[in-house]
Amino acid sequence: MIFALGRTSLDLSDLVLSDNLLQGELPLTISYMANLVGLFLQQNQISGNIDGLFVGSTKWRIEILNLSNNLFSGILHGVLGNMSYLTSLDLHGNSFTGEIP
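These notes cover the structure that comes with them. (Residues numbered from 1 in each chain as written. Predicted model: local features only at pLDDT ≥ 70, side-chain atom pairs only at ≥ 80, totals over all residues. Heavy atoms only, no water.)

## Here we look at the packing of aromatic side chains
Tallied over the full model, the rule gives one aromatic pair. Relative to Phe96, the ring of Phe72 lies with its centre 6.2 Å away and its plane at 10°, an arrangement referred to as stacked. Of this pair, Phe72 sits in strand β6 (residues 71–75) while Phe96 sits in strand β8 (residues 95–97); the two residues are 24 residues apart in sequence, bridging distant segments of the chain. We note that Phe72, like Phe96, is buried. (Phe/Tyr/Trp six-rings, centres within 6.5 Å; stacked < 30°, edge-to-face > 60°. Helix = DSSP H or I, 4+ residues; strand = E, 2+ residues; numbered from the N terminus. Buried < 20%, exposed > 50% of the residue type's maximum accessible area, 1.4 Å probe, protein only.)

## Considerations on the sheet that holds strand β7 (residues 88–90)
Strand order in the open sheet made by the four strands is β1-β3-β5-β7, with parallel pairing throughout. Since the sheet does not close on itself, it has two edges, and those belong to β1 (14–16) and β7, each with one partner. The average undirected angle you get between the axes of adjacent strands in this sheet is 10°. Sheet topology places strand β5 (residues 64–66) next to β7; three bridges connect them, and they run parallel. Bridge assignment links Asn66 to a residue of β7, and that residue is Asp90. (Pairing = 2+ DSSP bridges. Axes fitted to C-alpha atoms, helices over the stretch in contact; angles between N-to-C directions.)

## Regarding the environment of Leu89
Looking at the secondary structure, you find Leu89 in strand β7. With a relative accessible area of 31%, Leu89 lands in the partly exposed category. Spatially, the C-alpha atom of Leu89 lies 9.1 Å from that of Ser68, the residues being 21 residues apart in sequence. Apart from residues no more than four positions distant in its own chain, Leu89 is found in contact with Leu65, Leu80 and Ile100. (Contact = heavy atoms within 4.5 Å.)

Following this line, the structure appears as structure tokens:
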């Protein structure tokens, strides 16, 4: 795990951890951050599949999601289609497969 999210972080509106050389997989607790509007994790070495991470994310208010230049992989099923507030998405520099819904 690259970091742990405590109870106080659940109220964050923006989480900016870009350019920190973070490694490993994202903790699933990120999906509990219902107030999150911006998630910026670009320019790290975060790996794994994000498919399960955002399942049930219909409560999310994410508008900006930047996961670019990491080591993410896997198929992008309909996972991003549940994010109705999403206005900006950057996934370049990863190894995703499939189509963006």
